[in-house]
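Per-entry structural report
So you can see what is in the structure, the chains are spelled out below.
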Amino acid sequence: MLQPLEPVSAPARIWLGVLFFVLFVAGWAWATLGGYVSPTFLADPVTMVQEGWQLLTVHGFLHDIGMTVWRVVGGFVLAAIVAVPLGVAMGTYKPIEAFLEPFVSFARYLPASAFIPLLILWAGIGETQKLLVIFIGSVFQLILMVAVTVGNTRRDLVEAAYTLGANDWGIVRRVLIPMSAPGIAEILRLVLGWAWTYVIVAELIGSSSGIGHMITDSQALLNTGQIIFGIIIIGLIGLISDFLFKAANRRFFPWSLA
Amino acid sequence: MSKLRIEDVSRTFPPARAGAEPTRALLPVNLSVAENDFITILGPSGCGKSTLLRIVAGLDRASTGRVLLDGKPVTGPGPDRGMVFQSYTLFPWLSVIENIAFGLRERGMPVDQRQKIAQSWCERVGLAGFEHHYPKQLSGGMQQRTAIARVLANDPSIMLLDEPFGALDNQTRALMQETLLGIWERERKTVLFVTHDIEEAIFLASRVIVVSARPGRIKAEVPIDLPYPRHYTIKTEAAFSALKARLTEEIRAEAVIAATAR
């Protein structure tokens with residue numbers, strides 16, 4: 001039944017994927033409803049759903065979700081606007097790479113969350129600070145990954161374009177960028193996932209709205225049901241954004257999949 | 001006046017690390033190509049024949065000497081020297097017809113005009129019906145047909161081909177040779193074609209240049225006086241076999257040197 005690298009059929013793939021979720025929830029229900037874990041530490045699934053419903057209907061949790069999504073998208077878009085052109089420039093022109101690469105490589109390891117106290121000092125506890133956390137967390141990663149993708153463009157394609165009459169600018173615009181576009185889209189998808197981690201951390205400290213803020217509030221009340229509901233919502237939104245990204249890639253870059 | 005003049009062109013690659021010997025890829029080469037010539041450059045692998053072609057294309061720099069095209073020295077790559085590579089170099093995000101029109105677009109030609117030229121070349125290389133396919137959906141032979149059409153649509157002064165059929169199977173390769181020869185017989189382009197396949201070199205060329213094992217130099221120039229248009233059946237004729245026997249001897253000696261040198 002299990003053979004190395006043997007493909008699995010499409011329906012079986014879906015069923016197996018769903019099966020794990022079912023087993024996971026079943027194990028959770030068994031541990032909590034069966035009384036093996038104290039409800040103080042871990043709410044059971046039923047309580048979680050009830051708490052979630054409460055959050056949505058009574059406490060205006062939809063607003064929190066909206067705020068968090070807005071922050072992630074805002075900070076991430078800002079980072080992408082800065083990082084993609086810089087990354088393309090670095091990947092294309094080696095002197096620019098030599099100039100920026102050491103610093104960006106260093107800055108990449110600066111933990112975005114450690115900047116939060118400083119950012120509060122500089123930008124207050126408003127939206128600017130939240131956006132900056134996400135910006136700092138994703139911009140350096142994006143720059144480096146885009147630069148590597150562009151730099152790895154097949155050399156013979158560039159040479160072919162030159163012998164067809166392309167000038168340097170034509171090489172950048174009509175060879176390097178279109179060739180790297182699917183790779184860049186994939187990088188954006190990946191780093192957006194990381195941006196979700198930063199937004200929650202940013203909201204845990206000095207925030208009055210957002211999913212992270214709700215989680216801190218619930219922690220004070222020991223409401224593990226709400227915390228888990230919040231975490232699950234984050235996971236679901238991540239799953240949806242991933243799906244949208246993949247659909248967009250299929251739409252815009254059919255040549256890379258054919 | 002000759003179309004292309006290669007004057008004392010040599011290439012030495014700097015040593016890979018300090019203290020090592022520099023690699024002499026090509027000893028000074030002199031070659032003159034007349035308008036409408038079909039020259040094949042034949043040599044064992046690693047003999048520097050591709051280096052020579054890349055220098056003509058402007059993709060590599062000569063250590064000494066110079067290349068003149070229509071009397072003007074070559075300083076870098078340009079659309080007057082279209083090149084077909086051994087590797088598949090179609091732009092994967094462009095359809096067949098967009099690939100063929102690439103050079104025309106770089107030149108700033110209006111869409112409908114370049115579309116017309118590209119369409120016509122698409123048909124002339126036998127790709128009618130595949131205009132809107134992506135390169136990934138094509139066989140190797142069809143990809144190289146597109147690459148040839150892409151160069152010809154640009155109407156280059158000379159066409160450079162670097163083992164373009166090297167990665168194809170024998171049957172496809174034979175068909176591609178016939179296609180290329182047919183185009184050349186009709187369009188009368190000047191062609192420089194690098195190969196290590198003796199039969200291919202004879203079948204296509206009006207003149208075969210034999211390059212020695214590394215460091216490369218021109219070992220022999222063999223005019224091929226077989227009449228055009230050539231039919232594939234020519235490959236079994238006595239005159240063809242005699243040429244093949246002669247070139248086999250020339251190349252074999254070099255291949256032995258190349259094989260024992262490494």
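Since this is a predicted model, take the numbers as computed values, not measurements. (Residues numbered from 1 in each chain as written. Chains lettered and ligands numbered in written order. Predicted model: local features only at pLDDT ≥ 70, side-chain atom pairs only at ≥ 80, totals over all residues. Heavy atoms only, no water.)

Another point: the pattern of salt bridges. Where charged atoms from two side chains of opposite charge come close, those side chains can pair. Residue and element names in this part refer to chain A. According to the stated counting rule, one finds 25 salt bridges over all chains in the structure shown. With a closest N to O distance of 2.8 Å, Glu 127 and Arg 71 form a salt bridge. In this pair, Glu 127 is assigned in helix H6 (residues 127-151) and Arg 71 in helix H3 (residues 61-92), connecting sequence segments 56 residues apart. Taking relative accessible area as the criterion, Arg 71 reaches 2% and is therefore assigned buried. Here Asp 242 and Arg 189 are joined by a salt bridge, their closest N and O atoms 2.7 Å apart. Here Arg 189 lies in helix H8 (residues 168-204) and Asp 242 lies in helix H10 (residues 224-252), a separation of 53 residues in the sequence. Taken together, the shared-partner salt bridges in this structure form one network comprising Glu 186, Arg 189, Asp 242 and Lys 246. (Salt bridge = Lys/Arg side-chain N within 4 Å of Asp/Glu carboxyl O. Helix = DSSP H or I, 4+ residues; strand = E, 2+ residues; numbered from the N terminus. Buried < 20%, exposed > 50% of the residue type's maximum accessible area, 1.4 Å probe, protein only.)

Taken residue by residue, the interface counts 22 residues in chain A and 26 residues in chain B. Note on chain A versus chain B: buried area summed over both sides is about 2000 Å², and carbon and sulfur give 65% of it. The largest share of the area that chain A buries against chain B comes from A:Thr163, A:Leu164 and A:Trp255, three residues that together contribute 36% of it. The tally of links from chain A across to chain B stands at 2 salt bridges. Where B:Glu106 meets A:Arg174, a salt bridge forms, and the shortest distance between an N and an O atom there is 2.3 Å. Run the count over chain A and chain B and you get 6 residue pairs in polar contact (both at pLDDT 80 or more). Residue assignment for the side of chain A that touches chain B shows that the elements contributing at least two residues are helix H7 (155-163) and H8 of chain A. Broken down by element, the side of chain A that touches chain B gets its largest block of residues, 7 residues, from H7(A). (Contact = heavy atoms within 4.5 Å. Buried area = accessible area lost by both parts, 1.4 Å probe. Polar contact = N/O pair within 3.5 Å; in protein donor to acceptor, adjacent residues only side chain to side chain.)

Here we take up the environment of B:Gly46. Residue and element names in this part refer to chain B. Position of Gly 46 among the secondary structure elements: in the loop between strand E3 (38-42) and helix H1 (49-57). Residue classification places Gly 46 among the partly exposed positions, given a relative accessible area of 39%. Between the C-alpha atoms of Gly 46 and Leu 90, which are 44 residues apart in sequence, the distance is 25 Å.

This brings us to H7(A). Counted residue by residue, H7(A) has 7 buried out of 9 residues, so it is predominantly covered. Restricting attention to buried positions, one finds in H7(A) the residues A:Asp156, A:Leu157, A:Val158, A:Glu159, A:Ala160, A:Ala161 and A:Thr163. Here the buried face of H7(A) lies against H8 of chain A together with H1, strand E6 (81-84), helix H3 (102-106) and helix H5 (140-153) of chain B. After H7(A) finishes, the residue A:Gly165 shows a positive phi value of roughly 105°.

Residues and elements named next belong to chain B. In the structure shown here, the tally under the stated rule is 13 aromatic pairs over all chains. When the ring of Phe 91 is compared with that of Phe 102, the centres are 4.4 Å apart and the planes differ by 35°; the resulting orientation is tilted. With Phe 91 in the loop between E6 and helix H2 (96-100) and Phe 102 in helix H3, this pair connects stretches of sequence that are 11 residues apart. Of the two residues examined, Phe 91 and Phe 102, each falls in the buried class. Ring pairs connect the aromatic residues Phe 38, Phe 165, Trp 184, Phe 193 and Tyr 228, which therefore count as one cluster. Above the ring of Trp 184, the side-chain terminus of Arg 188 is found at 4.4 Å from the ring centroid. (Phe/Tyr/Trp six-rings, centres within 6.5 Å; stacked < 30°, edge-to-face > 60°. Lys NZ or Arg CZ within 6 Å of the ring centre and 35° of its normal.)

What follows concerns the packing of H3(A) against H6(A). All names here are of chain A. Contact geometry of H3 with H6 gives a least axis separation of 6 Å together with a crossing angle of 35°. Every pair of crossing elements has a handedness; the one defined by H3 and H6 is right-handed. Residue composition of the contact of H3 with H6, grouped by class: 23 nonpolar, 7 polar and 3 charged. (Axes fitted to C-alpha atoms, helices over the stretch in contact; angles between N-to-C directions. Left-handed = near helix turned anticlockwise from the far one by under 90°. Nonpolar A, V, L, I, M, F, W, Y, C, P; charged D, E, K, R; others polar.)

Moving on, we come to the sheet that holds strand E1 (residues 4-13) of chain B. Residue and element names in this part refer to chain B. Across the sheet, 4 strands lie side by side as E2-E1-E4-E5; this open sheet has antiparallel pairing. Sheet topology places strand E2 (23-33) and strand E5 (72-73) at the edges, where each strand pairs with a single neighbour. Sheet topology note: the strand E4 (residues 64-69)/E5 ladder contains 2 bridges and is antiparallel. From the neighbouring strand, Leu 69 faces E5, where its bridge partner is Lys 72. (Pairing = 2+ DSSP bridges.)

Residue and element names in this part refer to chain B. Each assigned domain of chain B is listed here: domain 1 (4-80 + 157-261) and domain 2 (91-155). The distance between the C-alpha centroids of domain 1 and domain 2 comes to 25 Å. Contacts between the two partners involve 16 residues from domain 1, matched on the other side by 12 residues from domain 2. Buried area between domain 1 and domain 2, both sides added, is near 1200 Å², and the carbon and sulfur share of it is 66%. Applying the counting rule to domain 1 against domain 2 returns 2 salt bridges. Asp 155 is paired through a salt bridge with Lys 189; the nearest N and O atoms lie 2.5 Å apart. The interface formed by domain 1 and domain 2 includes 4 residue pairs in polar contact (both at pLDDT 80 or more). Of all the elements in the fold, those that place two or more residues in the side of domain 1 that touches domain 2 are strand E7 (158-162) and helix H6 (170-187). The dominant element in the side of domain 1 that touches domain 2, judged by the number of residues it contributes, is H6, at 8 residues. Residues that form the side of domain 1 that touches domain 2 fall into these classes: 10 nonpolar, 3 polar and 3 charged. (Domains from an automatic or database assignment.)

Moving on to unusual backbone geometry. For the bond running from B:Arg214 to B:Pro215, omega is -5°, close enough to zero to count as cis. Topologically, B:Pro215 is positioned in the loop between strand E9 (207-211) and strand E10 (218-223). Here the phi dihedral of A:Leu5 falls at roughly 65°; this positive angle occurs in a residue that is not glycine. For A:Leu5, the location among the structural elements is in the segment before helix H1 (10-33). If you check the backbone angles, B:Arg188 has positive phi at about 55° while not being a glycine. Following the sequence through the fold, B:Arg188 ends up in the loop between H6 and strand E8 (190-195).

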